[in-house]
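Fold and geometry: a report
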Amino acid sequence: MNSSGALKVTAQSDREIVMTRVFDAPRNLVFDAYTKPELLRRWLGVFGGYSMPVCEVDLRVGGTYRFVWRGPDGAEMGVRGVYREVVRPERLVHTEKFDEAWYPGEALITVLKSPMESGVAQSYDKLAELLASGALEKARR
Amino acid sequence: MTELAAPFDISQPAISKHLNVLERAGLISRGRDAQRRPRRLEPRPRRLEPRPLAEATGWLETYRRYWEGNFGRLDAVLEELKARKKHGRSRR
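Residues numbered from 1 in each chain as written. Chains lettered and ligands numbered in written order. Predicted model: local features only at pLDDT ≥ 70, side-chain atom pairs only at ≥ 80, totals over all residues.

Bringing the pairing of strand 6 (residues 91-98) of chain A into the picture now. Residue and element names in this part refer to chain A. Sheet analysis places strand 5 (residues 76-87) next to strand 6, joined by 6 bridges and oriented antiparallel. Bridged to Glu-85 within strand 6 is Val-93. Between strand 5 and strand 6, which pair antiparallel in sequence order, lie 3 residues. Here 6 bridges tie strand 6 to strand 7 (residues 107-115), and the two strands are oriented antiparallel to one another. Within strand 7, the position partnered with Thr-95 by the bridge is Leu-108. (Pairing = 2+ DSSP bridges. Helix = DSSP H or I, 4+ residues; strand = E, 2+ residues; numbered from the N terminus.)

In structure tokens, the structure reads:
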């Protein structure tokens, strides 16, 4: 587990965050972990008594996902989004909007999984989040 | 401003431009005390405004910690998937 690299987080611009992380696993397994409900609900946001009772994924372009977390006090937090690009195993692009969003617009998440130059077992994951950007949304149309 | 410009190998107008950008972003402010001086001769001194920057880095740090936790758990999931794959007969 400690063969994986540290997480690097940088603010690329006003509305863009880039996270870089190395995983000691083949890309298709990382892709599975990002897209299969039974795997997602084991790592995404499940800590401090929070579980993910709702985890639905319709993995295709235009398909939606729905995640709901429930805390120890019963409080729920939900998020949904639409898959824009699904290219196994290297690329996943989806929107993201929390039910009780504290920001206007929606975020756009790009998960890139590039193979490392050394070591076939390693892959690296890059996640860029374009936050709440009406301008970016427009630019895509 | 001459003082500010000294360590940099760029012109004073360029420095001034950078300062204006920082000021618009709320990261520096101009001192009020200098208003009694003739403005033309001596531009008002700039002051660093650390709070917005601290807010931004604080937010980023919380974000980083949240994802570090996620990826730690993801590592464990991946280890298990790799082991399953290695031992052939994987349960679904």
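This brings us to the interface of chain B and chain A. Taken together, the 17 residues of chain B in the interface contact 19 residues of chain A. When its residues are assigned to classes, the side of chain B that touches chain A shows 9 nonpolar, 2 polar and 6 charged. (Contact = placed C-beta atoms within 7 Å. Nonpolar A, V, L, I, M, F, W, Y, C, P; charged D, E, K, R; others polar.)

An α-helical turn contains 3.6 residues, so any two residues separated by three or four positions project in the same direction. Compared with the 54 Å implied by 1.5 Å per residue over 37 residues, the 52 Å span of helix 3 (residues 50-86) of chain B between its first and last C-alpha is a close match. For helix 3 of chain B, every residue scored as buried is listed here: B:Phe71, B:Leu74, B:Asp75, B:Val77, B:Leu78 and B:Leu81. Here the buried face of helix 3 of chain B lies against strand 2 (16-23), helix 1 (27-35) and helix 2 (37-40) of chain A. Taken from the residues just after helix 3 of chain B, B:Gly88 is the one with a positive phi, measuring 70°. (Expected span 1.5 Å × (residues − 1). Buried ≥ 20, exposed ≤ 12 C-beta atoms within 10 Å, placed from the backbone.)

Cis geometry marks the peptide bond from A:Arg88 to A:Pro89; its omega dihedral reads 0°. Relative to the helices and strands, A:Pro89 resides in the loop between strand 5 and strand 6.

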